[in-house]
Amino acid sequence: GNNPAHGPTLAALETMFLDGHHQTEIAHVVEPLYEAAGEYEKLHRIGEVQLGKLSGTERQAMYQRLAELAEGKLYDQARAYQWWGQALVEEPRWEQAIDESERLARATAAWDEQVGNYTRALERTTDREVKRQTLLRLARVYEFELRDAARAVEAHLRALELEPKDPEALAALDRLYLGAGMYDELVEVLRRRIEVTLDGDEQLELQFRRGAIYSD
């Protein structure tokens, strides 16, 4: 602490780090010093530089570290949201990135950005199941957060193209068509729900509802 050479040495290390030399080694030396001194902005900057060189689980761990630094130490929820959102785009199966980005989207009113993240994730992945799950999440944001029923319908229809018997998407379309008074579409969705359900009571209820539309 009282070592007079300590100041200049740290400055020299910082310069080397920012110039791209020995970054991993320098990070190991300076991170505990920053931590001890409460230099969280500098810690965050070092992590941000390292992120570019990481992949796989190491990259995920760095996203989490940056997001936690931003929110917990820099009190910057918007910046934390950006990190979790980027992590989600790169790995849309990562439950923690989904939960944290949704939580922070709610806290910072960033639902439009969350739509952008889900849309980018859809463009990047070729996995059908990941696409389907992401479309269902996107539809939920449209319906319940942005109150955009038309776009919610569109996302659910895209999910059904991947899995025509998806009960969650069919139930959501039932609700959305009913709310919009789109009875022709509703009759068709009820027909599909009747085919899909294995629950006898539910089947009867759906048939009753379908019959009631015809009699009106």
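Just so it is clear, the structure is predicted and the values come from calculations on it, not from any experiment.

Some remarks on the overall build of the protein chain
Right, so step 1: Across its full length, the protein chain holds 12 helices and zero strands.
Right, so step 2: Tracing the protein chain from N to C terminus, the helices and strands come up as α-α-α-α-α-α-α-α-α-α-α-α.
Right, so step 3: If one aligns the C-alpha atoms of the protein chain with their principal axes, the spans along those axes are about 90 × 30 × 25 Å.
Right, so step 4: The contacts of the protein chain with a sequence gap of at least 6 include a subset with a gap of at least 24, amounting to 45%.
Right, so step 5: Counting every atom, the protein chain has about 12300 Å² of accessible surface; 51% of that belongs to carbon and sulfur.
Right, so step 6: Charged side chains of the protein chain number 27 positive and 41 negative; the gap between the two group centres comes to 2 Å.

Observations concerning the nonpolar core
Right, so step 1: With 44 residues, the main nonpolar core has Trp83, Trp84 and Leu138 as its most contacted residues.
Right, so step 2: Per element, the largest residue contribution to this core is six residues, and it comes from helix α5 (residues 77-90).
Right, so step 3: Membership of the second largest hydrophobic core comes to 10 residues, among which are Leu10, Phe17, Ile46 and Leu69.

Topic: the pattern of salt bridges
Right, so step 1: Per the stated rule, a full pass over the model turns up 19 salt bridges.
Right, so step 2: The partner of Arg103 in a salt bridge is Glu71, with the nearest N and O atoms 2.8 Å apart. With Arg103 in helix α6 (residues 95-107) and Glu71 in helix α4 (residues 56-73), this pair connects stretches of sequence that are 32 residues apart.
Right, so step 3: The salt bridge partner of Glu91 is Arg93, with a shortest N-O separation of 3.3 Å.
Right, so step 4: Each of Glu102, Arg106, Arg140 and Glu145 takes part in salt bridges that share partners, so that together they form one network.

Quick word on the layout of surface pockets
Right, so step 1: Estimated volume of the second largest pocket: approximately 180 Å³.
Right, so step 2: Around the second largest pocket, the lining is made up of 13 residues, and of these Leu136, Arg137, Arg140, His156 and Glu168 lie nearest the centre.
Right, so step 3: No other element matches helix α8 (residues 128-145), which puts seven residues into the lining of the second largest pocket.
Right, so step 4: For the lining of the second largest pocket, the class distribution of residues is five nonpolar, two polar and six charged.

Examining the environment of Lys131
Right, so step 1: Mapped onto the secondary structure, Lys131 falls in helix α8.
Right, so step 2: Exposure remark for Lys131: the relative accessible area of 24% places this residue in the partly exposed category.
Right, so step 3: Sequence-wise, Lys131 and Tyr118 are 13 residues apart; in three dimensions their C-alpha atoms are separated by 9.5 Å.
Right, so step 4: Among the polar contacts listed, one links the side chain of Lys131 to the backbone oxygen of Leu122, at a separation of 2.9 Å.

Re α5
Right, so step 1: An ideal rise of 1.5 Å per residue puts 20 Å on 14 residues; α5 measures up with 20 Å between its terminal C-alpha atoms.
Right, so step 2: Buried within α5 are the following residues: Ala80, Tyr81, Trp83, Trp84, Gly85, Ala87, Leu88 and Val89.

Re the packing of α6 against helix α7 (residues 111-124)
Right, so step 1: Contact geometry for α6 and α7: axes closest at 8 Å, N-to-C directions at 155°. On the basis of their axis angle, the class for α6 and α7 is roughly antiparallel. In this structure, α6 contributes Ile98, Ser101, Glu102, Ala105 and Arg106 to the contact, and α7 contributes Trp111, Gln114 and Tyr118.
Right, so step 2: For the contact of α6 with α7, a count of residues per class yields four nonpolar, two polar and two charged.

Quick notes on unusual backbone geometry
Right, so step 1: A positive phi is found at Ala109, a non-glycine position, where the angle reads about 55°.
Right, so step 2: With respect to the element layout, Ala109 can be found in the loop between α6 and α7.
Right, so step 3: Even without being glycine, Arg147 reaches a positive phi, approximately 50°.
Right, so step 4: Since its relative accessible area comes to 66%, Arg147 is described here as exposed.

The rules we used
- Residues numbered from 1 in each chain as written.
- Predicted model: local features only at pLDDT ≥ 70, side-chain atom pairs only at ≥ 80, totals over all residues.
- Heavy atoms only, no water.
- Helix = DSSP H or I, 4+ residues; strand = E, 2+ residues; numbered from the N terminus.
- Contact = heavy atoms within 4.5 Å.
- Areas by Shrake-Rupley, 256 points an atom, 1.4 Å probe, with all protein chains shown as cover.
- Lys, Arg positive; Asp, Glu negative; His and termini not counted.
- Charge placed at Lys NZ, Arg CZ, Asp CG, Glu CD.
- Core = buried A, V, L, I, M, F, W, Y, C linked by side-chain atoms within 4.5 Å.
- Buried < 20%, exposed > 50% of the residue type's maximum accessible area, 1.4 Å probe, protein only.
- Salt bridge = Lys/Arg side-chain N within 4 Å of Asp/Glu carboxyl O.
- 1 Å grid on protein atoms, 1.4 Å probe; cavity = no way out; pocket = protein on both sides within 12 Å on 5 of 7 lines; lining within 4 Å.
- Points joined across faces, edges and corners; volume = space filled by probe spheres on them.
- Nonpolar A, V, L, I, M, F, W, Y, C, P; charged D, E, K, R; others polar.
- Polar contact = N/O pair within 3.5 Å; in protein donor to acceptor, adjacent residues only side chain to side chain.
- Expected span 1.5 Å × (residues − 1).
- Axes fitted to C-alpha atoms, helices over the stretch in contact; angles between N-to-C directions.
- Parallel < 35°, antiparallel > 145°, perpendicular 65-115°, else oblique.

In short, geometric facts, not functional conclusions.
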